[in-house]
Amino acid sequence: MDIDIIFKIAGIGIAIAVLNQVLVKAGREEQAMLTTLAGVIVVLMLVIQMITEFFDAVKTFLEF
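Not measured: the values here are computed from a predicted model.

Caption draft 1: Seen up close, the environment of Lys-25. Here Lys-25 shows up in helix α1 (residues 3-25). Accessibility expressed as a relative area gives 70% for Lys-25, which makes it exposed. Linking Lys-25 and Thr-36, residues 11 residues apart in sequence, is a C-alpha distance of 15 Å.

Take a look at the structure:
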């Protein structure tokens, strides 16, 4: 497993957390929630892509 994906997910998480705190302090709770939701969706897309690549590798390995 590449460590790059872990750094990407951590970077997205940190950026979203900071942006969330800034928006909450500014009184924009709805935008903060939507920003957090967008961050979760982006991370889920990365994870789904990794799972797809994993299943493709397993499928290729098990073909005769």
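Next comes the rest of the write-up.
Caption draft 2: Representation of α1 within the structure. In this model, α1 (23 residues) spans 33 Å end to end at C-alpha, consistent with the 33 Å of a helix rising 1.5 Å per residue. Among the residues making up α1, those that are buried are Ile-5, Ile-16 and Leu-23. In this fold, the buried residues of α1 make contact with α2 (29-62). Where α1 ends, the next residue or the one after it, Gly-27, has phi of about 85°, a positive value.

Caption draft 3: Highlighting the packing of α1 against α2. Interhelical geometry of α1 versus α2 gives an angle of 170° and a closest axis separation of 8 Å. Viewed along their axes, α1 and α2 adopt a mutual orientation that is roughly antiparallel. Every residue of α2 that contacts α1 at Ile-5, Ile-9, Ile-12, Ile-16, Leu-19, Asn-20, Leu-23 and Val-24 is listed here: Glu-29, Gln-31, Ala-32, Thr-35, Thr-36, Gly-39, Val-42, Val-43, Leu-46, Val-47 and Met-50. Of the residues assigned to the contact of α1 with α2, the class counts are 13 nonpolar, 5 polar and 1 charged.

Cut-offs used in this document
Residues numbered from 1 in each chain as written. Predicted model: local features only at pLDDT ≥ 70, side-chain atom pairs only at ≥ 80, totals over all residues. Heavy atoms only, no water. Helix = DSSP H or I, 4+ residues; strand = E, 2+ residues; numbered from the N terminus. Buried < 20%, exposed > 50% of the residue type's maximum accessible area, 1.4 Å probe, protein only. Expected span 1.5 Å × (residues − 1). Contact = heavy atoms within 4.5 Å. Axes fitted to C-alpha atoms, helices over the stretch in contact; angles between N-to-C directions. Parallel < 35°, antiparallel > 145°, perpendicular 65-115°, else oblique. Nonpolar A, V, L, I, M, F, W, Y, C, P; charged D, E, K, R; others polar.

Don't take any of this as a statement about function, it's just geometry.
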